[in-house]
Each structure stands twice: as C-alpha cells, then as structure tokens.
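Summary of structural features
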Amino acid sequence: MWKFFHQLASPPHFYRLAATLMPWLAVPALLLIAYGTYAGLFLASPDYQQGDAFRIIYVHVPSAYLSMMAYMFMAISGAIGLIWRLKLAHAVGAAAAPLGAAFTFLALVTGSIWGRPMWGTWWEWGDPRLTSELILLFLYFGYMALRSSIDDTAKADKACAVLALVGVVNVVVVHYSVEWWSSLHQGQTLMKKGGPGMDADMLYPLLAMILGFTFLFGALLARRIRTEVLYRERRTRWVREMILSPEGGR
Amino acid sequence: MDTLAMGNYGVYVWSCFALTLIVIVFSDWRARAHHNQVYRDMEVRIKALEDRQ
Amino acid sequence: MKPRQQRMLAVGLAVAGVAIAAALTLKAFDENMMFFVEVSNVVAGEYPQERNFRIGGLVVEDSIEREEGSLDMRFRVTDMRCELSVMYNGVLPDLFREGQGVVAHGAMGAGEVFIADKILAKHDENYMAPEVAASLAKHVDEKMAPLQEGGAECNSG
C-alpha cells in the first residue's frame, strides 16, 4: 500500500501513469457523452413547461458540477501539498485551475443562454446563485494570475494553495445559495429530498453526461499534469534521460 | 427538420451545445500544443548540452 | 506535535476561520442576499420603502386581466399565504403563465398595488414530460388545496 503511494508521489512514475491513464479516461468519456448528447437531444421527451429549451440542462448541469468539483480538487491538492510538502500535489492543483475556469465559464454562459428564453433575462445582478458562480470564475482567474505573478515555484505553490483553500467557502455558498436565500434559480433537482425530480428518460442521459464529463475532466487533467510535471522537473536527471532515450517521452 | 428547430428554442439549445464543444476542444488543443512546445524546447536544450560534452 | 501535524492543524484552523468569518458576514447581509421579498412580507409592510425591489411568488389562477388594445395588464401573486396585485406593461417571458413562479421588479404604488417594470419567470426543480405532468396535476391539486384554504393566515401590517 505505502509502496503504491510512494510510487505515485514519484514524478517519473506519475508522468508515465498519466499517459497510460489518458485513453482509459477519454474513451469512456466520449462514449458516455455521445450517448448522453444523443439521448438528451433526441430521445428524452420535452419538458412540460420549458419544452425543448430544457435540453440545455445536458451541458449546463455537468459544466456547473465540474466547476465546483474542479475547485474542490484544486483546493484539496493544495492542502495535501501544504501538509505533506508534496510538490506533485501542487502541480496537480496548478493543472486543474484552467480546466475549472473553462467549465465555470461554460456553466455561466449556458445558464445565461438558458435564462434568456425561460426567465426572460440573460443575467440578474444580485441573484445569489449567479453571483457566487461568477465569484468562482474570478477565484480561478485570481489563482492563475497569482501563480504567474510569482517566479519562485515553491512560493507560488504555497500562495496559490492558501488562496484555493480560502475560496472553498464560496463553493459551499454556490451549492447552498438556492436553499439559503431566495433566488431566480430553481432548487436542486438531482439531490432533492425524495429522489431526483425528473423523469427517467430525461434523467439517464443527464447522469451519463455528468459521469462522462467527470471522465473527460480526468483525461484533460492528465494531459495538463504531464506538462506541469515535465516543466517543473526540467532540470532533473530522469527528464534528461527520458528525452535522450530512443523512445523519448512526449 | 422539426427536431433541429427544437420548438423555436433551436438557437439557444444548439448554441449551448456548440459552445461547450468548442471550448473543450479548443482548451485541449491548446494544452496539447503547449505540452509539445515545452517538450521540444527541453529536447533542444538538453541535446545541445549533450553535444557540447 | 510533528511538523506535519502542525501544518495540518494550521490548514484546518485557517479554513474553519474563513468559514466562520464568511458565515457571520453572510448572516449580517442576509436580507440583502435575498433576491426577492416574499409576498407576505410585502403585505406586512416589510419591504424597502425608498428603493425598487423584487417580489416573488406564484401567479394566481384566473387572475390575469389584460387591457383591451394595450400591453397593460394586472394579475395577483401569492406565496400561499398572502396575495398581492401587480400592474405591468411590457414584454413577458415565455414561461409566464397562471400557476407559475414569477419574480417582479418594481415598487409599491398607491392602493396596495405593486407596479412592476420587469417581469421574470421562475421555474421549479422538477422536469417531466407533458403527459406525466397532466396525470400529476390532479394529484397536485389535491395537495395544494389545504395550503390555499386552511394554510397560515395572512397578516397585513
């Protein structure tokens, strides 16, 4: 068991493991997303109130879910990096930030496009759910800006980990905003009391999309972690040997 | 054709799906290009050092 | 304590500290965090007097009246306890209909009427096919009836 963790914490091993994992994450991701998109767009029945406009849920909800999941991932990596002095964990956090920002952006924009025909507005300032999700985007931007503004990697890692941990409170606010305060946004569908408030033919494609996006996040993250590890380890012997070896290590 | 129209919400529905696809593909394409760039730069530097020795 | 445990404690305390600070701040701004004011509170006089605000509730069945030949309209909004009349002149979102959640932005006018300058529709967290909704409607009516009749009393202030 310890041997496994020890190996996991070793950069060369992690660099190779990420490459091996990528197809195992990407293929299920594409299959699930292909099914979810097709079933969500063409098989699921239209909603009794929103008609076909509700189909935006199949990209909006997975993006919104990932926007929060990626943040927690980033913050937990930061905590592990701080507590165990594990450089690799900081590299993982650094790689997760741009992905989290991308999914937060998607959640905001698809939500806005959905809001226009249904609610009657692209954006409402002062809505707790909308505002806290926008703050989440700014937290990602702040994290990335902070990282690029500090040249010393070890210092940047520490500062960013602290920022990520402080921002966790906002993820909690995003999640509970629709329960704690009145909001234009409706409440939880999937995690509501008494089971999901959704018909099965609408629900299964959504669950497939959420699972597919999670796998996709893993695959996209694996690529970014490899770049991060390669760059951070650029002066080490294993990287030199790997690059000089006949098979390389791209 | 009716399916594509999405009951007059076609513009909204399709733009959301298209945007999601574009953002994900573009982001991964850039990540991939960046990785190759980092690798190539290091390859050049390390091979140059090796030749000098 | 080992250095690692000290760092663990420091991280834990820092996160807890931020959480408490955030909780207190949000608690202090609780009213400002509300996107809209409940109808009951408006009827009881608990709303911002000097500025515009939003009200939220359900559009009462059979309450929509339209003026012939103009966009002027009137309807009542309920939160299952109190009702409030709303006057509006403008474009309505697709989801606006009787029995539907609605958020109106505006101010109180004379005679306990809310003058809205913007109407937004709010939908609930349930998604279903039209056929399912139709068969459920009967069931829901039975559940809602006691709420509307025997529910809590509306106290106007």
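Residues numbered from 1 in each chain as written. Chains lettered and ligands numbered in written order. Predicted model: local features only at pLDDT ≥ 70, side-chain atom pairs only at ≥ 80, totals over all residues. Heavy atoms only, no water.

**With respect to the overall build of chain B**
Within chain B one finds two helices and zero strands. Compactness check: chain B gives a C-alpha radius of gyration of 22 Å against a globular reference of 10 Å for 53 residues, more than 25% above the reference. Taken along its principal axes, the extent of the C-alpha atoms in chain B is 70 × 15 × 5 Å. Residues counted as buried form 32% of the 53 residues belonging to chain B. Seen as two clouds, the 6 positive and the 6 negative side-chain charges of chain B have centres 7 Å apart. (Helix = DSSP H or I, 4+ residues; strand = E, 2+ residues; numbered from the N terminus. Rg over C-alpha atoms; globule rule 2.2 N^0.38 Å. Buried < 20%, exposed > 50% of the residue type's maximum accessible area, 1.4 Å probe, protein only. Lys, Arg positive; Asp, Glu negative; His and termini not counted. Charge placed at Lys NZ, Arg CZ, Asp CG, Glu CD.)

**Some points on the confidence of the model for chain C**
Confidence in the prediction of chain C, expressed as mean pLDDT, is 84, and 89% of residues score 70 or more. Confidence estimates for the predicted assembly give a pTM of 0.92 and an ipTM of 0.93. (pLDDT = per-residue confidence, 0-100.)

**Here we look at the interface of chain A and chain C**
Contacts between chain A and chain C engage 43 residues on the former and 36 residues on the latter. Between chain A and chain C lies a buried interface of about 3500 Å² when both sides are counted; carbon and sulfur atoms form 59% of it. When residues of chain A are sorted by the area they lose upon contact with chain C, Tyr 48, Ile 83 and Trp 181 of chain A head the list and together hold 19% of the total. Where chain A meets chain C, there are two salt bridges. Notably, a salt bridge pairs Glu 124 of chain A with Arg 54 of chain C, separated by 3.3 Å at the nearest N-O pair. The tally of links from chain A across to chain C stands at 21 residue pairs in polar contact (both at pLDDT 80 or more). Breaking the side of chain A that touches chain C down by element, the ones donating at least two residues are α3 (57-84), α4 (87-118) and α6 (153-180) of chain A. Across the side of chain A that touches chain C, the residue classes tally to 23 nonpolar, 14 polar and six charged. (Contact = heavy atoms within 4.5 Å. Buried area = accessible area lost by both parts, 1.4 Å probe. Salt bridge = Lys/Arg side-chain N within 4 Å of Asp/Glu carboxyl O. Polar contact = N/O pair within 3.5 Å; in protein donor to acceptor, adjacent residues only side chain to side chain. Nonpolar A, V, L, I, M, F, W, Y, C, P; charged D, E, K, R; others polar.)

**What to know about the packing of α3 of chain A against helix α5 (residues 128-149) of chain A**
How two helices pack is summed up by the angle between their axes together with the distance between the axes. All names here are of chain A. It is at 11 Å that the axes of α3 and α5 come closest, and there the two elements cross at 40°. As summarised for this structure, α3 and α5 are arranged oblique, according to the angle between their axes. For α3 against α5, the interelement crossing comes out left-handed. Touching Ser 67, Met 68, Ala 70, Tyr 71 and Met 74 of α3 are Glu 133, Leu 136, Leu 139, Tyr 140 and Tyr 143, all from α5. (Axes fitted to C-alpha atoms, helices over the stretch in contact; angles between N-to-C directions. Parallel < 35°, antiparallel > 145°, perpendicular 65-115°, else oblique. Left-handed = near helix turned anticlockwise from the far one by under 90°.)

**So, α6 of chain A**
The end-to-end C-alpha distance of α6 of chain A is 39 Å, a good match for the 40 Å that 28 residues give at a rise of 1.5 Å each. Bending of α6 of chain A peaks at approximately 40° at the position of Val 174 of chain A. (Expected span 1.5 Å × (residues − 1). Bend = angle between axes of the 7 residues up to and from the residue.)

**A few points about a nonpolar patch on the surface**
On the surface, a nonpolar cluster with roughly 430 Å² of combined accessible area is contributed by Met 72, Ile 76, Ile 80 and Trp 84 of chain A together with Met 8 of chain C. In terms of residue count, α3 of chain A provides more of the nonpolar patch than any other element does, four residues in total. Following the sequence through the fold, Ile 76 of chain A ends up in helix α3. A relative accessible area of 48% places Ile 76 of chain A in the partly exposed class. (Patch = residues over 30% accessible without salt bridge, like charges linked within 9 Å, V, L, I, M, F, W, Y side chains within 5 Å. Areas by Shrake-Rupley, 256 points an atom, 1.4 Å probe, with all protein chains shown as cover.)

**Let's talk about the environment of Ser 148 of chain A**
Residue and element names in this part refer to chain A. Along the polypeptide, Ser 148 turns up in helix α5. Along the sequence, Ser 148 and Arg 237 sit 89 residues apart, while their C-alpha atoms lie 26 Å from each other. One polar contact links the side chain of Ser 148 to the main-chain carbonyl oxygen of Ala 145, over a distance of 3.1 Å.

**Details of the interface of chain A and chain B**
In many analyses, interface size is given as the accessible surface area lost on bringing the parts together. Taken together, the contact pairs 41 residues of chain A with 30 residues of chain B. Of the roughly 3300 Å² buried where chain A meets chain B, counting both sides, 76% is carbon and sulfur surface. On the chain A side of the interface with chain B, the three residues burying the most area are Arg 223, Ile 243 and Arg 250 of chain A, jointly 22% of the side's total. Where chain A meets chain B, there are three salt bridges. Ionic pairing is found between Arg 223 of chain A and Asp 28 of chain B, a salt bridge with its closest N-O pair at 2.9 Å. Where chain A packs against chain B, one counts nine residue pairs in polar contact (both at pLDDT 80 or more). Listed by contribution, the elements that provide at least two residues to the side of chain A that touches chain B are α2 (11-43), α3, α4, α7 (200-232) and α8 (237-244) of chain A. The biggest single contributor to the side of chain A that touches chain B is α4 of chain A, with 11 residues. Across the side of chain A that touches chain B, the residue classes tally to 26 nonpolar, six polar and nine charged.

**A closer look at the packing of aromatic side chains**
Using the criterion set out here, one finds 15 aromatic pairs over all chains in the structure. An angle of 85° between the planes, with centres 5.6 Å apart, marks the rings of Trp 180 of chain A and Trp 181 of chain A as edge-to-face. A relative accessible area of 41% means that Trp 180 of chain A is categorised as partly exposed. Ring plane angle 35° and centroid distance 5.9 Å describe the contact between Phe 26 of chain B and Trp 29 of chain B, whose orientation is recorded as tilted. In this pair, Phe 26 of chain B and Trp 29 of chain B both sit in helix α2 (residues 10-52), three residues apart, roughly one turn of the helix. (Phe/Tyr/Trp six-rings, centres within 6.5 Å; stacked < 30°, edge-to-face > 60°.)

**Remarks on the pattern of salt bridges**
Scanning the entire structure with this criterion turns up 12 salt bridges over all chains. Between Glu 124 of chain A and Lys 118 of chain C there is a salt bridge; the shortest N-O distance is 2.8 Å. With one member in each of two chains, Glu 124 of chain A in the loop between α4 and α5 and Lys 118 of chain C in strand β7 (residues 113-122) form a pair that bridges those chains. Using a relative accessible area of 32% as the deciding quantity, one classes Lys 118 of chain C as partly exposed. Here Glu 241 of chain A and Arg 237 of chain A are joined by a salt bridge, their closest N and O atoms 3.1 Å apart. Placement of the pair is Glu 241 of chain A and Arg 237 of chain A together in helix α8, with a separation of four residues, close to one helical turn. Judged by relative accessible area, which is 40%, Glu 241 of chain A ranks as partly exposed.

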